[in-house]
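Observations on the three-dimensional arrangement
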Amino acid sequence: MKTKLIIITFAPLLFAACSGNQKPVDLTEQKITSNKKYEIGTITQKALSSYARLPGQLNPFNEVNLFPKVNGFVKTVLVDRGTQVRKGQLLLTLEAPEMQSQLQAANSRYLQAQETANASKEKYSRLKQAAAEPGSVSPLELDNALSRMKSDLAIANSEKANMGSVETMQGYLQIYAPFNGTIVQRNVSPGALVAPGKATDQPMLVLQDTRKLRLEVAIPEDYVDKLDLRRLVTFTFNAMPGIAHTAKISRTANALGNMHSEAIEIDVVNNDGQLKPGMYAEVKIPLRSGAQSLLVPNSAIVRSTERKYVIVAKNGHAVLTDIKEGLAGKDSTEVFGNLKAADQIVLNAGDDLKNGDNLK
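As the structure is a computational prediction, the values presented were derived from the model and not from experiment.

1. Digging into the overall build of the chain
- Along the chain, the regular secondary structure elements total three helices and 21 strands.
- Put simply, the chain has 360 residues, and 33% of those count as buried.
- For the chain, contacts bridging at least 24 residues in sequence account for 77% of all contacts bridging at least 6.
- For the chain, the accessible area works out to roughly 23,300 Å², and carbon and sulfur atoms hold 52% of it.

Structure follows, in structure tokens:
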């Protein structure tokens, strides 16, 4: 009973405290207003750099995978990885005993056909001499002899061609170097069975010409019309820092590949053999004089996992415009997209702004 009396006694005091001058705050009636102001910048157009810096890779000037053209066993391998070879040098030999038998059979058939053709020719000659006396040889018999001679001669020529084909196939048992170069792969040993295959199969030998190399550079689509391909380019190799090389562009593809880039090649002389195929290089290709780029402040670019864009301010509203980035500077970045110089863009923008949002 005492506990109940105490509660009843203090309850009015609590109500009295709430009924004083202090009024309860109704949080539901509070309205949070935000007058956020966006910082606006301008797209500029000027030359970002006098050259474009792009990666490149060294490739051998000539490279060939050597495959067998006939079935056979590897008899001898005369070279190994790293061997310097000359054009026409014998690299390895194969053996195929059945091909020798085929050659002998083809030779026998040719000799037989040749003898038959000679006999037919001799017979026709005699009949022709005898036909000089009227009535000794009928014209039909002479014509038949002529036809027989031509037929036997054609058969002999066919057997000769067949024998030459077998001899040619036998010549494929010797593998020769098609050009000067270095053996970079050896994948067979004596006694191995080899056979003609697809280009995806493992070759017997891989030969590369490394005295002169091709430095291949992929030019992005956005720079194709801005590069000055007639001037000298400068390049340095990652494995040889500090050593700069200069050369002219030797050839261009004049077409865009799968990555929307145009391949150009620079011939690099490698007489001392210090450069290796596969080495990476940094290539500086001069830009044409007057080549202008659209530049935006670095803080204006919004990057997400799906896209890169800037927010253009048009009539006080946000317009999200997709871009592709080009060369990047300390404070600004070259961009490509549906933009033009003097367009106003939002600086320090975030992905909270959506298309059509009011910027005022």
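2. Details of the side chain of glutamine 208
- Within the secondary structure layout, glutamine 208 lies in strand S10 (residues 205-220).
- For glutamine 208, a relative accessible area of 10% translates into the label buried.
- In this structure the side chain of glutamine 208 is engaged in a polar contact, spanning 3.1 Å, whose partner is the side chain of glutamate 63.
- In contact with glutamine 208, not counting residues within four places along its chain, are Pro60, Asn62, Glu63, Phe179, Gly181, Thr182, Val184 and Pro277.

3. Focus: the UniProt feature "coiled-coil region" (unreviewed entry) in the chain
- As annotated in UniProt, the feature "coiled-coil region" (unreviewed entry) corresponds to residues 103-130 in the numbering used here.
- Helix makes up 100% of residues 103-130 and strand makes up 0%, while its end C-alpha atoms are separated by 41 Å.

4. A short note on the packing of aromatic side chains
- Applying the stated criterion to the full structure yields one aromatic pair.
- Seen from their ring centres, phenylalanine 235 and phenylalanine 237 are 5.7 Å apart, and the 75° between their planes marks the pair as edge-to-face.
- Under the relative-accessibility criterion, phenylalanine 235 is labelled buried at 2%.
- Among the residues examined, phenylalanine 237 registers a relative accessible area of 1% and is labelled buried.
- Arginine 307 extends its terminal NZ or CZ atom over the ring of tyrosine 309, reaching a point 4.6 Å from the ring centre.

5. Some points on helix H2 (residues 97-130)
- With 34 residues, H2 should reach 50 Å at 1.5 Å per residue; the first-to-last C-alpha distance of 51 Å fits that figure.
- Three or more residues of H2 are buried, namely Met99, Leu103, Ala106, Tyr110, Ala113, Ala117, Ser120, Tyr124 and Leu127.

6. Quick notes on the layout of surface pockets
- The calculated volume of the largest pocket comes to roughly 280 Å³.
- Every residue lining the largest pocket is counted, 17 residues in all, and those nearest its centre are Gln84, Gly181, Thr182, Thr210 and Arg211.
- Mapped by element, the contributors of at least two residues to the lining of the largest pocket are strand S5 (84-85), strand S8 (181-186) and S10.
- No other element matches S10, which puts four residues into the lining of the largest pocket.

7. A closer look at the sheet that holds strand S9 (residues 193-194)
- Strand order across the open sheet formed by four strands is S7-S6-S4-S9, with antiparallel pairing between neighbours. At either end of the open sheet lies a strand with only one pairing partner, and these are strand S7 (174-176) and S9.
- Of the pairings in the sheet, the one linking strand S4 (residues 72-77) to strand S6 (residues 90-95) comprises four bridges and is antiparallel in character. When the sheet's bridge partners are listed, phenylalanine 73 is paired in S6 with glutamate 95.

8. Concerning the pairing of strand S18 (residues 308-314)
- Most of S18 is tucked away, with five of its seven residues classed as buried.
- Two strands pair when backbone bridges link them, and strand S17 (residues 302-303) and S18 are joined in this way by two bridges, in the antiparallel orientation. Bridge pairing in S18 links arginine 303 to lysine 308.
- In textbook terms, the turn of a hairpin is the stretch between consecutive antiparallel strands, and for S17 and S18 this stretch comprises four residues.

About the criteria used
- Once a new chain begins, its residue numbering starts again from 1 and follows that chain's sequence as written.
- Confidence filtering applies because this is a predicted model: local features only for residues at pLDDT of at least 70, side-chain atom pairs given and counted only at 80 or more, and all residues used for totals across whole chains, interfaces and linings.
- Where side-chain values are given, they derive from all heavy atoms of the structure, hydrogens and water being excluded.
- Secondary structure is summarised from DSSP: a helix means a run of H or I of at least four residues, a strand means a run of E of at least two, and numbering begins at the N terminus for each.
- Accessible area is worked out with a 1.4 Å probe on protein chains only. A residue is then buried under 20% of its type maximum, exposed over 50%, and partly exposed in between.
- By definition in these notes, contact holds between two residues if any of their heavy atoms fall within 4.5 Å.
- What sets the accessible areas is the Shrake-Rupley method with a 1.4 Å probe; for residues, cover comes only from the shown protein chains.
- Pairing of N or O atoms within 3.5 Å defines a polar contact, subject to two protein rules: one partner must be a possible hydrogen donor and the other a possible acceptor, and residues neighboring in sequence count only if both atoms are side-chain atoms.
- UniProt positions are given in the numbering used here, feature names are shortened, and annotations may be inferred rather than shown by experiment.
- Classification of ring pairs uses Phe, Tyr and Trp, with its six-membered ring standing for Trp, and accepts pairs whose centres are within 6.5 Å; under 30 degrees between planes counts as stacked, over 60 as edge-to-face, and the remaining range as tilted.
- Note on criteria: charge over ring means Lys NZ or Arg CZ within 6 Å of the ring centre, with the direction from the centre no more than 35 degrees off the ring normal.
- Helix span, expected: 1.5 Å multiplied by one less than the number of residues in the helix.
- In this analysis a 1.4 Å probe is tested at points of a 1 Å grid over the protein atoms alone, and where it fits but cannot get out there is a cavity; an open set with protein on both sides within 12 Å along at least five of seven lines is a pocket; lining residues have an atom within 4 Å of a point.
- Grid points are joined across faces, edges and corners, and a volume is the space filled by probe spheres set on the points.
- By definition, two strands form a pair when at least two bridges between them are found by DSSP.

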